[in-house]
Amino acid sequence: PGIGPKRRSALLKHFGSLDAIRAASVEDLAAVPGMMEALDEAAGAFRRAVAMRPDNGRYLTNLGTVLDRLGDRAASVRAYQKAILCQGTGAEAHHNLGAISAVISAHTLGMYAFSIISGRLADRWGRGPVIMTGAITLLLACILAPLSPAVLPLSVSLFLLGLGWNFCFVGGSTLLADQLSPAERARTQGVNDLLVGFASATGSLGSGLVFAATSYTVITLVAGALALLPLAVVISWMRRKLVPIGV
């Protein structure tokens, strides 16, 4: 059924009998002159028929878009995973995906899990001591990070890195809010968040360039030097607060 006179004659001429046609494989049938063109025409007619049906056409279009996006996203994820798996901390670490997930999870835990605690400490200890604690924690993370490419030391150092950021950010944001009136607070905090985001983006780009040009150890040294800045500023600010007004 569906075979016209020309195709029927071509098949009989090629195989010699109906029994030979029935016994032929798909590859044998495809080898008959003109058969592949017929299949292409049938497939094109089917695609056109589907496209003329609004529901099916929209479904297939949406499905194709989703698959394209999934393919692009999967390619990006694979490239990102490959970059992480292939880089080391001076030597090739080649950690698997589970190890990478553990390290990133430890870092994220340090960044956000202790926000309530750091906020309460800012009220109890004061803003300056919390920022100072965060800066010292950042410095400690930078010291520990290049010591070993093993998963546990990396997880600990990245956890401390996130925790130090949390203490500095919470303490600094609270200190900024203390200096502002209610009318100034929303706009100034918005500008502050913008600057934090810009600094994060610049740091991400800059660290990649530094890593490509030098090494992982150099990145930790640069980060450690930057961690000294908030520490020095807070110490200076706290010393000025302790000086009596008449002195």
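Given the structure is predicted, the values throughout are model-derived calculations rather than measurements. (Residues numbered from 1 in each chain as written. Predicted model: local features only at pLDDT ≥ 70, side-chain atom pairs only at ≥ 80, totals over all residues. Heavy atoms only, no water.)

A. Structural view of the packing of aromatic side chains. Using the criterion set out here, one finds three aromatic pairs in the structure. Pairing Tyr-112 with Trp-165 gives two aromatic rings, centres 6.0 Å apart and planes at 70°, and the pair type is edge-to-face. Pair noted here: Tyr-112 is in helix α6 (residues 97-112) and Trp-165 is in helix α9 (residues 151-178), with a separation of 53 residues, a long-range link. Relative to Phe-169, the ring of Trp-165 has its centre 5.1 Å away and its plane inclined at 10°; by these criteria the two rings are stacked. Highlighted residues: Trp-165 and Phe-169, both in helix α9, separated by four residues, approximately one helical turn. Given a relative accessible area of 30%, Phe-169 falls into the partly exposed group. Following the ring pairs from residue to residue traces out a cluster consisting of Tyr-112, Trp-165 and Phe-169. (Phe/Tyr/Trp six-rings, centres within 6.5 Å; stacked < 30°, edge-to-face > 60°. Helix = DSSP H or I, 4+ residues; strand = E, 2+ residues; numbered from the N terminus. Buried < 20%, exposed > 50% of the residue type's maximum accessible area, 1.4 Å probe, protein only.)

B. Expanded view of the packing of helix α7 (residues 115-125) against helix α8 (residues 127-144). For the pair α7 and α8, interaxial distance at closest approach is 6 Å and the crossing angle is 130°. Comparing their axes, α8 and α7 come out oblique. Contact with α7, carried on its side by Ser-118, Leu-121, Ala-122, Asp-123 and Trp-125, involves Arg-127, Pro-129, Val-130 and Thr-133 of α8 and no other residues of that element. (Axes fitted to C-alpha atoms, helices over the stretch in contact; angles between N-to-C directions. Parallel < 35°, antiparallel > 145°, perpendicular 65-115°, else oblique. Contact = heavy atoms within 4.5 Å.)

C. Looking closely at the side chain of Ser-118. Mapped onto the elements of the fold, Ser-118 is located in helix α7. By relative accessible area, which is 0% here, Ser-118 ends up buried. Within the structure, Ser-118 has its side chain in polar contact with the backbone oxygen of Ser-115 (distance 2.9 Å). Looking at Ser-118, its side chain comes within polar contact range of the side chain of Asn-166, at 2.8 Å. Look past the residues within four positions of Ser-118 in its chain and what remains in contact with it is Val-130, Asn-166, Phe-167 and Val-170. (Polar contact = N/O pair within 3.5 Å; in protein donor to acceptor, adjacent residues only side chain to side chain.)

D. Main features of the pattern of salt bridges. This model, assessed by the stated rule, comprises two salt bridges. Notably, a salt bridge pairs Asp-123 with Arg-127, separated by 3.0 Å at the nearest N-O pair. Given the relative accessible area of 57%, Asp-123 is considered exposed. Among the residues examined, Arg-127 registers a relative accessible area of 17% and is labelled buried. Ionic pairing is found between Arg-127 and Asp-178, a salt bridge with its closest N-O pair at 2.6 Å. (Salt bridge = Lys/Arg side-chain N within 4 Å of Asp/Glu carboxyl O.)

E. Geometry of a nonpolar patch on the surface. Nonpolar side chains collect at one region of the surface, where Val-222, Leu-226 and Leu-229 lie side by side and expose about 280 Å² of accessible area between them. Relative to the elements of secondary structure, Val-222 occurs in helix α11 (residues 216-242). Of the residues examined, Val-222 reaches a relative accessible area of 42% and is grouped as partly exposed. (Patch = residues over 30% accessible without salt bridge, like charges linked within 9 Å, V, L, I, M, F, W, Y side chains within 5 Å. Areas by Shrake-Rupley, 256 points an atom, 1.4 Å probe, with all protein chains shown as cover.)

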